[in-house]
Amino acid sequence: MKFFNVNAHLHTPFSFSAFENIPDALERASDEDVKVVGINDFYSMDGYEEWNSECRKRHLFPLFNIEFISLQKDDQNNGVRVNDPNNPGRTYISGKGLKCPPSLPEPYASQLAEVRAESNRQVSEMCEKVNELLMAYDAGFQLNFDVMKELLTKGLARERHLAKFLRQAIYIHFRNEPDEIKNFLEKLFNGKALKSLTDNYAGVENEIRGNLLKSGGAAFVVEDPKAFLPLEDVRRIILAAGGIPTYPFLADDANGQFTDFEQDIVHAAEILKRRGFYSAEFITTRNSIETLEKYAGYLYDNGFVVTFGSEHNTPAMEPVELFARGKTPLTEKLKQINYEGACVVAAHQALVKEGKEGYVDKAGVPDIENRSEFIKKGDELIRSV
């Protein structure tokens, strides 16, 4: 079997993205010979139909995914870092192979809408704090949250949108003069000098976010607990939308460190199964090739569906083709694991769309014994586009 290139986790402007729009993302995928591409926005299925139509134009195979930030109270109370290295209990969760066109019954649709509204509320409050800071420094301009939402978002505002909007406003106000921009940002950063060159927009926006909008920053707003649904609620939403609940591994950082939950892959896999997760994913540029082979290999060998992606949910543009940390090419074994995982998701979403049972049933129980049949069916579907 030929293993086509897969990137199963790509954010678009329906949450926040390095891409200008969906066609931009898919043109890059096509140019880099990535055949299977998964949209994977935070709290949003709104881009699915455009993703589907634009993929078909380019003979790419679309996967329809979603991402949540949940909260596991037991882990929080015990100080266990799961896949957020800084916040115990906070847990990122993806859903793979959801229905397209999207369909989500009540009460799940209302739960999702409330989470989206909470994200917008938090960023709106951050915008107010930024304006207070701008007034304190006599900046001569203010930010308008509604204008930002209209210009930069597809309805869901994230702190990265605010960092971009502020960066744009500063550059316009100071007529793109590097020295004036650096001096003003140093004031906003409470005396901390800008490290990035002013023409490195992604770097400047990351510094704005880190210095002003994250914990400890002058415009930081604590997230309301309503922003984080319990892990089991997120799992139910994903299943109700037709998807496969999926755990994104953070795995090793640049110093070879792991979170408390993930440091023992055998133990982590056991807990994930108890919590109803039989699918996992990795953002490969974060990890060493050795860790990817060990972790993804173990999960694959123990019945998990495993896929890889790149996210592209920062201002920095990276390749759509997947690499491990340091632009290390993926091994043939990893490409096989990723492609076979994508095949299972492809088969699952096709069956669910037809009203049939997919790889996981409505309760989330996987058909592990027939995984090879799902791989075969998904491969046929991918080759047919």
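These lines cover the structure that appears in this document, whether it is placed above or below. (Residues numbered from 1 in each chain as written. Predicted model: local features only at pLDDT ≥ 70, side-chain atom pairs only at ≥ 80, totals over all residues. Heavy atoms only, no water.)

Applying the stated criterion across every chain, the model contains 16 aromatic pairs. Ring geometry for Tyr247 and Phe249: centres 4.8 Å apart, planes at 85 degrees, overall edge-to-face. Across this residue pair, the class does not change: Tyr247 and Phe249 are buried. Between Tyr359 and Phe374, the aromatic rings sit 5.3 Å apart at their centres with planes inclined by 85 degrees, giving edge-to-face as the arrangement. (Phe/Tyr/Trp six-rings, centres within 6.5 Å; stacked < 30°, edge-to-face > 60°. Buried < 20%, exposed > 50% of the residue type's maximum accessible area, 1.4 Å probe, protein only.)

Under the defined criterion, the tally for this structure stands at 24 salt bridges. In this structure, the salt-bridge partner of Asp260 is Arg81, at a minimum N-O distance of 3.2 Å. A residue pair is termed long-range when its members are at least 10 positions apart, and Asp260 in the loop between strand 6 (244-249) and helix 10 (265-274) and Arg81 in the loop between helix 3 (73-77) and strand 4 (90-96) qualify at 179 residues. Here Asp260 falls in the partly exposed class, since its relative accessible area comes to 31%. Its relative accessible area of 24% is what places Arg81 among the partly exposed residues. Measuring nitrogen to oxygen at the nearest pair gives 2.7 Å for the salt bridge that ties Lys96 to Glu281. Of this pair, Lys96 sits in strand 4 while Glu281 sits in strand 7 (residues 279-283); the two residues are 185 residues apart in sequence, bridging distant segments of the chain. Judged by relative accessible area, which is 1%, Glu281 ranks as buried. (Salt bridge = Lys/Arg side-chain N within 4 Å of Asp/Glu carboxyl O. Helix = DSSP H or I, 4+ residues; strand = E, 2+ residues; numbered from the N terminus.)

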